[in-house]
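Coordinates in review
Residues per chain are reported as follows:
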Amino acid sequence: MADRITLKVTRYDPGRDHEPGFQTYEVPLRKDWVVLDALNYVKDKVDGSLSFRWSCRMGICGSCGMMVNGEPKLTCATFVSEYMPGPVSVEPLKHFPILRDLIVDISDFLEKLTKVKPWLIREEERRVVDGEYLQTPEQADTFRQFSMCINCLLCYAACPVYGLDPLFTGPAAIALAQRYNTDSRDQGTNERLDILSQHDGIWGCTFVGDCTRVCPKHVDPAGAIQQYKLTAAKEWIKSLLMPWGGR
Amino acid sequence: MAGPTEYLPKTFRPRVSTYWWLGRWSYLKFILRELSSIFIAWFVILTLLQISALKRGPADYVQLQEWLRRPILVALNALSLFFVVFHTVTWFNLAPKAMSIRVRGKPVSNLLITAPNYLAWLAISAAVAWLLLRG
Amino acid sequence: MGKRSNEPFLWLLFSAGGMLAAILIPIHVFLFGLAFPLGWLHGPSYQSLLELLKQPLTRLYFFVLCTLSLFHWAHRFRYTLYDGLQIKHLDELINTFCYGGAALGTVLAAYLLWRIP
Amino acid sequence: MLDVSSHDVLLVGGGGAGLRAAIAISEADAGLSVAIVSKVYPMRSHTVSAEGGAAGVIHPDDSLEEHIYDTISGGDWLCDQDAVETFVKEAPEELLRLEHWGCPWSRQEDGHIAVRPFGGMKKTRTWFAADKTGFHLLHTLFQTSLKFSAITRYDEYFVTRLLINDGCVQGVVAIELATGRIQAIIAKAVILCTGGCGRVFRFTTNASIKTGDGMALAYRAGAPLKDMEFVQYHPTGLPFTGILITEAARAEGGYLLNKEGYRYLQDYNLGTPQPKPVLRSMELGPRDRLSQAFVKEQEQGRTSEGLYGPVVYLDLRHLGEKVINARLPFVRELCLKYENIDPVKELIPVRPVVHYMMGGVHTDLNGATPLKGLYAAGEVACVSINGANRLGSNSLPELLVFGARAGRAAAAFAAGQQAPNRRQILAQALDEETRLHDQFLQKSGGRERISTLRDEMQTTMEKGAGIYRRGDLLTHTAGKLIELQERLGSVTLYDRSHVFNTELVSALELSFMLDVAECITHAALQRTESRGAHQRTDFPARNDERFLAHSLVYRQTDGRPRTEYLPVTITRWPPGERVYGR
Ligand SMILES: Cc1cc2nc3c(=O)[nH]c(=O)nc-3n(C[C@H](O)[C@H](O)[C@H](O)COP(=O)(O)OP(=O)(O)OC[C@H]3O[C@@H](n4cnc5c(N)ncnc54)[C@H](O)[C@@H]3O)c2cc1C
Ligand code: SF4
Ligand code: F3S
Ligand code: FES
C-alpha cells in the first residue's frame, strides 16, 4: 500500500475569489483514516485556513457531508483507502450555495423542514399524568425508518430535481413529514398535506431515486415521497366524492 | 475601514449542467426510463393507425402491413420493444416503494409485491397472444 | 381546504397508464411491431381482426389503453422536458403540448373506435 | 458594524438541555422572546450521539427510593441529596412529556414504554429508543421547538463572552460564523447549555464541539466551577476516534485481553475467568475499576503499542458472526464503518477514554448560578446529582429535568427585569470586538500553531489528570498549562477570512479549554483523597472528614484558579461504602 495519497479539495473564499477552485494536498494514507481525518490532517499540519464542518466523527450528527469523487458521502464514514491510488476529490455538497471552501448554506433546508410541520399534531393533547400514548412495536415500526434521518442532506445533493428547482421541498423534509404522518399518535396528516400537495411539494419529484441510494441511514426518502403521493391522491378522490366532507 | 466585521453574504451557486443526466449511471438510467414514455406514445400512434387502416378496408390494411416491414420501422419497433420492456421492469421494481403494504403490522417483502406483478404480466401477455393467434 | 393543485388527478392518470402500459404494451409491440411483420408468427387475418374489433369490449379495451397510455406519456414527458432540458420556464407551452396532445389523442381514439362499422 | 438584538431569555447551546429549556420558557409564557444561540445547528449538538438510554422510574416493581439510592451510592456520596430527589421525582414526567412530543421510545408488545437494565442501576428503569436514544431525543426536541414562533434561533453563532452590567449577566457577544459579523445579543437572563469539555483530553468519546466553552465563559465572568476534578472514563473506547464500544459487548461475553492474549482482569481482584460472562465479575466489573486496571497493565508493559498509544484488546471472535450480528450489530457497524475493523475476525483495540464531566458551573436546583441573571443546565452545569461518578443513563434525564427547571426559573426572573441598559452593554461588546481583532484576526508575527498547543494540552492532561493522579504530576501539569496559556498569546492564524473562519473558532475553543483544564487540575491537586472518578495514588482512601464537600473553583484577578469547599447536602442517606462484585 502506498503511504501517501493526493487530495483535491475545493477552495473558495468569497472575500477574495470569484469562483471556487481546487487545491491539492498530499496526506498520509492509513488504513483507519476516513476522508475527514485526512482533511483534519491538512487543517492541523498543513493549511489552517481550510474550512469544513464536522463534529461527532461517528456518522450521527450529520454535519460532515461532502462530495467525494463526485458522490455525496459522510466524510467521517468514507475511508481514504477506498480511493487508492488517488487523487481523491473533495467538494462541497452539490446543489447548495457554497459559503466557503467545503461549507454550504443549508438554511433553505431548515426553512422547508419547519414548513412541513415535523412535530406531533393532536386535536387534543393528553396530559402527562394520564401516561403515554399507547403504541405497539409494530405501529412504531411503520415510521422508524423515516425517523432515522440525520439531516445530512446527502439526498439533496443527489437529487437533480432539487438542483434544478430549489423550490422543491426535497427528499429529507418530505420523509420527515411522512415520519409524523405514519406515526399512530399523530393527527396532522391533513394539515401537512395542504402544504405538501402544492406543486413544489411532492409533485416535483420524478422518482429519480438517487436520494435513497445515497442515504447513509437507509431512510428511503424516495419511498416516502411515493407513499405521500398515493395518500395525496386518495385524499383528492375523497374530496371529489365528498366535497362536503369538511375537515 | 474594511473591518473584519464586514458583512460578506456572497455565496457561490453552481449551475446544474444541461447534461447532468450523463454524469452518473443512475441518472442515465433514470432519463432512459423517462424517455420510455415516448415509445409508449409511439405505440398508441401505431395502434390508432392500425385501427384506422382496418376501418378503411383490406387494401389499406395490407398497405400498412407492407409499411411495417420496412427495415426502418422494424428497427424502430425493436427499439420500442426494448424501451417498453424497460418501462415494465422499472415500473414493477419501483411499485413496492410506493405501496408499503403491511399485513398484520409487518411490512410485506418487496418480492411478494413484485412477483405477482410479473406473473400477471406473463399471464395477460399470454392471454392476449392466444386471443390473436388462435384464429 | 387549502389550495391544492390538480396534480393528484394528473398523477393518478399517469400511474394508471403506467401500470396498464407495463402489463399490456410489450406483447402488443412484440406481436404487431415485430413478430407479424417479420413473419415469425402468423398474424390473424384481416377479417378476424375486424370481427374482434367490432366487439364492444375490445373497443373499450383499446380506448382505455390508448387514453391512459397517452396521459402516462404526457405526464412523464412533461417532467423530462422540465428537468432534462431545463426549460421549466416554458411551463405553459409544455403543459399545452403534453396534456393537449393526450387529450387530442383521446378524442381521436374515441372517434376511430366509435366509427368502426 | 456591531449588530445588536435583544430578547427576554437567551440560551447558549441548542443541545438537549438548551432545547428543553427553550420549550419550557415558551410554555411558561408564550409572550417572552427566547433566543437559542448555538455554534452548530441544534440537531448537530452532541446529545445526538448518546446511545444507551435515559433512566426514569416507571416499572411497577421499581421505586423512586431505589433510583435515588443507586444514584447517590454510584456518586460515592458526593451528590446533593435534595437535588437527586428532585431529579428522580421529575425524570419520569419529563420522559413522558417527550413521548407526547413524538419521541419514538421502544415499546413493549402491549404498547407501553419498554425499559432495559443498565450498569449501576439495580432495577430496569432505562428508557431507550433502540440504540439511538440521544439522537431521537434531540431530534424530537428540535422538531418540537420549531412550532414555537417565539423562539428565535441564531444557528452557527459562536459565543465568545458574557456581557455583565451591575453584577448582572445581560447578554452575550457572538460571532456569526457565516459572515464573521460580531453581534451583541442582549437579554434579561442567560442560560448556559453548552455541554461538556471532553476535548480537553486526547482520547474521548466526545465530539469536536465539546470544548467547555460555557464553563470557561461562566468562570471568566466570575461564577465558580464545581467538582471539576471528577472526569468520567469509559473503559472501552476505540483509540484515535474515541468511538464508544458499548458495555453490551462485554455483557454478551467479550473478553478483555492484554498483549499476551491474557484476560488480565483476573489479576485485579475482579474474579476468575469463566468462558461465559458472570455479572459484576471480570469484564463486567465497574467502569472505573476496569479503566484503572488498564493503567496498571500499561505500567507493567503489558499493553500493545498502537499507532495512537497503548491499547488492550476486546475479543468478540469466539461469539461468532451469528451472535455478533444478532446482538451487537451496531458495534460491528461502528468498527467496520469508522475503523475498518471486522470484530468477527479481528481483535478490537480499545483503551479507556474520557466520556463525561461530572463537574460544571455551580447551580442550585433551579439552574441559577451565583451570578445574577446567569443560569446553567445540562452537562455544563453541576447541580450535583452526579457526585463523584455519574451513573450511565442519568445524564439525558438530567438535561430534561434541569433544562426545564432552569427555563422556568429564568423566564420568571426575566419577567421581573427591566430592559438592560444598552449603552453600557454595548461598550463591553465593542471591547470584545477589539480584543478578537487584536488578539487573532489582525495580529501579525507569532509562530505557535493551534494544533501543537492543543496536542500538548491533551498530553499533559492525560499524564497529570488522567485515570490515576499524583501530587507531583498534577503540579507539573498545572505548570505546563500556565506555559501553554502564555504561548497562546503568540498563536498564528493562517485564516484571515471573515466567512466561516474555523481556525478562529479553534483558537477561541483552545483558550476556553485551557481555562477549563486549569480548573480540573487545580481542583484535583487540592482534593487529597480518592473518591469515585478521582483517584490519587498518593491518597488512595476516601476522606469524608475533610472532603465530603464540593470543590468550587473561582478565577482570581491574575487569571489563576482558587478553590473553596462547600459541604455536600445529606438528607436521608448517610455516607456508606461503595460495594461491587458482592
Ligand atoms: C458517546 C456518548 C454516549 C452517551 N450515552 C449516554 C446515555 O446513553 N445516557 C445518558 O444519559 N447520557 C449519555 N451520554 C451523555 C450525554 O449525552 C451528554 O451529557 C448530554 O447529551 C449533554 O447535553 P447538553 O445539552 O448539555 O450539551 P450538548 O448536547 O453537547 O450541546 C451543547 C450545545 O452548546 C452549543 N455551544 C457550545 N459552545 C458554544 C459556544 N461557544 N457558542 C455557542 N454555542 C455553543 C453547541 O452548539 C451545542 O448546541 C453520552 C455521551 C457520549 C459522548
Ligand atoms: S434522508 Fe438520508 S440522506 Fe437525506 S438527510 Fe436524511 S439521512 Fe441524510
Ligand atoms: S432523487 Fe429526487 S426526484 Fe425524487 S426520488 Fe429522490 S427526491
Ligand atoms: S462528523 Fe458527525 S456525521 Fe460525520
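Read on for an overview of the structure. Everything numeric here is computed off the predicted structure, so don't read it as measured data.

1. Observations concerning the interface of chain A and chain B
- Residue-level contacts link 38 residues of chain A with 22 residues of chain B.
- Approximately 2400 Å² of surface area, both sides summed, lies buried where chain A meets chain B, with 57% of it carried by carbon and sulfur atoms.
- Of all residues in chain A, Pro97, Glu138 and Phe207 of chain A bury the most surface against chain B, accounting for 19% of the area lost on that side.
- As a salt-bridge pair, Arg24 of chain B and Glu71 of chain A come within 3.4 Å of each other at their nearest N and O atoms.
- The tally of links between chain A and chain B comes to 8 residue pairs in polar contact (both at pLDDT 80 or more).
- Those elements giving two or more residues to the side of chain A that touches chain B turn out to be β4 (71–74), β6 (98–100), α3 (137–144), α4 (154–158), α5 (160–164), α9 (210–214) and α10 (221–241) of chain A.
- Sort the elements by how many residues they give to the side of chain A that touches chain B and α10 of chain A lands first, with 4 residues.

2. Quick notes on the packing of helix α2 (residues 46–54) of chain C against helix α3 (residues 56–84) of chain C
Residue and element names in this part refer to chain C.
- With their axes 5 Å apart at the nearest point, α2 and α3 run at an angle of 85° to one another. In terms of their interaxial angle, α2 and α3 are classed as roughly perpendicular. Contacts from Leu52, Leu53 and Lys54 of α2 reach α3 at Pro56, Thr58, Arg59 and Phe62.
- A class-by-class count of the residues in the contact of α2 with α3 yields 4 nonpolar, 1 polar and 2 charged.

3. Focus: α2 of chain C
- Along α2 of chain C, the residues that are buried comprise Tyr46, Leu49, Leu50 and Leu53 of chain C. Angularly, the buried residues of α2 of chain C cover 100° about the axis, an arc narrow enough to put them on a single face.
- Turning to α2 of chain C, the residues buried within the fold contact α1 (25–56), α2 (58–68) and α4 (110–133) of chain B together with α1 (7–35) and α3 of chain C.

4. Section: the sheet that holds strand β3 (residues 65–68) of chain A
All names here are of chain A.
- Pairing is mixed across the open sheet formed by 5 strands, whose spatial order is β2-β1-β5-β3-β4. Looking at which strands have only one partner, the edges of the open sheet turn out to be β2 (21–28) and β4. With direction set aside, neighbouring strand axes in the sheet form an average angle of 35°.
- As judged from the 3 bridges shared by strand β1 (residues 4–11) and strand β5 (residues 88–91), these two strands associate in the parallel manner. Paired with Val9 across the bridge in β5 is Val90.
- The sheet strands contacting helix α1 (residues 35–46) are β1, β2, β3 and β5, and the helix crosses β2 at an angle near 95°.

5. Some remarks on the site of ligand 2
- Every residue lining ligand 2 is accounted for by Cys149, Ile150, Asn151, Cys152, Leu153, Leu154, Cys155, Ala172, Cys215, Pro216, Val219 and Pro221 of chain A.
- Residue composition of the shell around ligand 2, grouped by class: 11 nonpolar, 1 polar and no charged.

6. Some thoughts on the side chain of Arg78 of chain C
- On the secondary structure map, Arg78 of chain C appears in helix α3.
- Judged by its relative accessible area of 3%, Arg78 of chain C is buried.
- Side-chain polar atoms of Arg78 of chain C contact the side chain of Glu7 of chain C, separated by 2.8 Å.
- Not counting chain neighbours up to four residues away, the residues in contact with Arg78 of chain C comprise His199 of chain A together with Glu7, Leu10, Trp73, Ile94, Asn95, Cys98 and Tyr99 of chain C.

7. As for the nonpolar core
- Of all hydrophobic cores here, the largest spans 303 residues; its most connected members are Leu39 of chain A together with Ile191 of chain D.
- The biggest single contributor to this core is α1 of chain C, with 15 residues.
- Mapped onto the domain boundaries, this core takes at least three residues apiece from domain 1 (4–104) and domain 2 (107–241) of chain A.
- Residues in contact with Leu39 of chain A, not counting those within four places in the same chain, are Leu7, Val9, Leu50, Phe52, Met66, Val90 and Leu102 of chain A.
- Within the second largest apolar cluster, 22 residues are counted, among which are Phe230, Met358, Ile385 and Ala533 of chain D.

8. Considering the environment of Tyr41 of chain D
Residues and elements named next belong to chain D.
- Within the secondary structure, Tyr41 is located in the loop between β2 (34–38) and β3 (54–55).
- For Tyr41, a relative accessible area of 8% corresponds to the buried category.
- For Tyr41 and Leu19, which are 22 residues apart along the polypeptide, the C-alpha to C-alpha distance reads 12 Å.

9. A closer look at the interface of chain A and chain D
- Each partner contributes to the interface: chain A provides 69 residues, whereas chain D provides 65 residues.
- Where chain A abuts chain D, roughly 5600 Å² becomes buried across the two surfaces, and 54% of that area is made up of carbon and sulfur atoms.
- Contact with chain D buries area across many residues of chain A, yet Met58, Val128 and Glu132 of chain A alone supply 12% of it, more than any other trio.
- Applying the counting rule to chain A against chain D returns 5 salt bridges.
- With a shortest N-O distance of 3.1 Å, Arg454 of chain D and Asp44 of chain A are connected by a salt bridge.
- Remark: the boundary between chain A and chain D carries 35 residue pairs in polar contact (both at pLDDT 80 or more).
- Where the side of chain A that touches chain D is concerned, the elements lending two or more residues are α1, β6, α2 (107–115), α3 and α6 (171–181) of chain A.
- A total of 5 residues in the side of chain A that touches chain D trace back to one element, the largest contributor, which is α1 of chain A.

10. Looking at the sheet that holds strand β4 (residues 115–116) of chain D
Residues and elements named next belong to chain D.
- Read across the open sheet, the 3 strands follow the order β3-β5-β4; overall the sheet is antiparallel. At either end of the open sheet lies a strand with only one pairing partner, and these are β3 and β4.
- Bridge count for β3 against strand β5 (residues 126–127) is 2 bridges, and the pairing is antiparallel. Across the sheet, residue Ala55 finds its bridge partner in β5, namely Thr126.

11. Let's talk about the pairing of strand β9 (residues 181–192) of chain D
Residue and element names in this part refer to chain D.
- With 12 of 12 residues buried, β9 lies mostly within the body of the structure.
- For strand β1 (residues 3–12) and β9, the ladder comprises 9 bridges, and the chain directions are parallel. Bridge pairing in β9 places Val4 opposite Ala184.
- Of the pairings in the sheet, the one linking strand β8 (residues 168–176) to β9 comprises 6 bridges and is antiparallel in character. Residue pairing in the sheet places Ile175 in a bridge with Ile182 of β9.
- In this antiparallel pair of consecutive strands, β8 and β9, the connection spans 4 residues, and Gly180 shows a positive phi of 80°.
- In terms of strand pairing, β9 meets strand β17 (residues 374–376) through 3 bridges, oriented parallel. Among the inter-strand pairings, Val190 is bridged to a residue of β17, identified as Leu374.

12. Brief notes about the site of ligand 1
All names here are of chain D.
- In the region of ligand 1, 38 residues are neighbours, and Ser38, Ser45, Thr47, Glu379 and Leu396 sit closest.
- A distance of 3.4 Å separates an oxygen atom of ligand 1 from a polar backbone atom of His46.
- The separation between an oxygen atom of ligand 1 and a polar main-chain atom of Gly52 is 2.9 Å.
- Out of a free accessible area of 1000 Å², ligand 1 has 98% covered by protein chains.
- Contributing elements (two or more residues each) for the shell around ligand 1: α1 (16–28), β2, β7 (157–165), β15 (348–357) and α10 (395–415).

13. Structural notes on unusual backbone geometry
Residue and element names in this part refer to chain A.
- Residue Pro85 is bonded to the preceding Met84 through a cis peptide linkage, with omega at -5°.
- Relative to the helices and strands, Pro85 resides in the loop between β4 and β5.
- Here the residue pair Gly86 and Pro87 is connected by a cis peptide bond, since its omega of -5° sits within 30 degrees of zero.
- With respect to the secondary-structure elements, Pro87 resides in the loop between β4 and β5.
- Phi angles above zero are rare outside glycine, and Lys117 is one such case at about 55°.
- By secondary structure assignment, the location of Lys117 is in the loop between α2 and α3.
- For Lys117, a relative accessible area of 23% puts it in the partly exposed group.

The rules we used
- Residues numbered from 1 in each chain as written.
- Chains lettered and ligands numbered in written order.
- Predicted model: local features only at pLDDT ≥ 70, side-chain atom pairs only at ≥ 80, totals over all residues.
- Heavy atoms only, no water.
- Contact = heavy atoms within 4.5 Å.
- Buried area = accessible area lost by both parts, 1.4 Å probe.
- Salt bridge = Lys/Arg side-chain N within 4 Å of Asp/Glu carboxyl O.
- Polar contact = N/O pair within 3.5 Å; in protein donor to acceptor, adjacent residues only side chain to side chain.
- Helix = DSSP H or I, 4+ residues; strand = E, 2+ residues; numbered from the N terminus.
- Axes fitted to C-alpha atoms, helices over the stretch in contact; angles between N-to-C directions.
- Parallel < 35°, antiparallel > 145°, perpendicular 65-115°, else oblique.
- Nonpolar A, V, L, I, M, F, W, Y, C, P; charged D, E, K, R; others polar.
- Buried < 20%, exposed > 50% of the residue type's maximum accessible area, 1.4 Å probe, protein only.
- Arc of directions from axis to C-beta.
- Pairing = 2+ DSSP bridges.
- Near = heavy atom within 4 Å.
- Core = buried A, V, L, I, M, F, W, Y, C linked by side-chain atoms within 4.5 Å.
- Domains from an automatic or database assignment.
- Areas by Shrake-Rupley, 256 points an atom, 1.4 Å probe, with all protein chains shown as cover.

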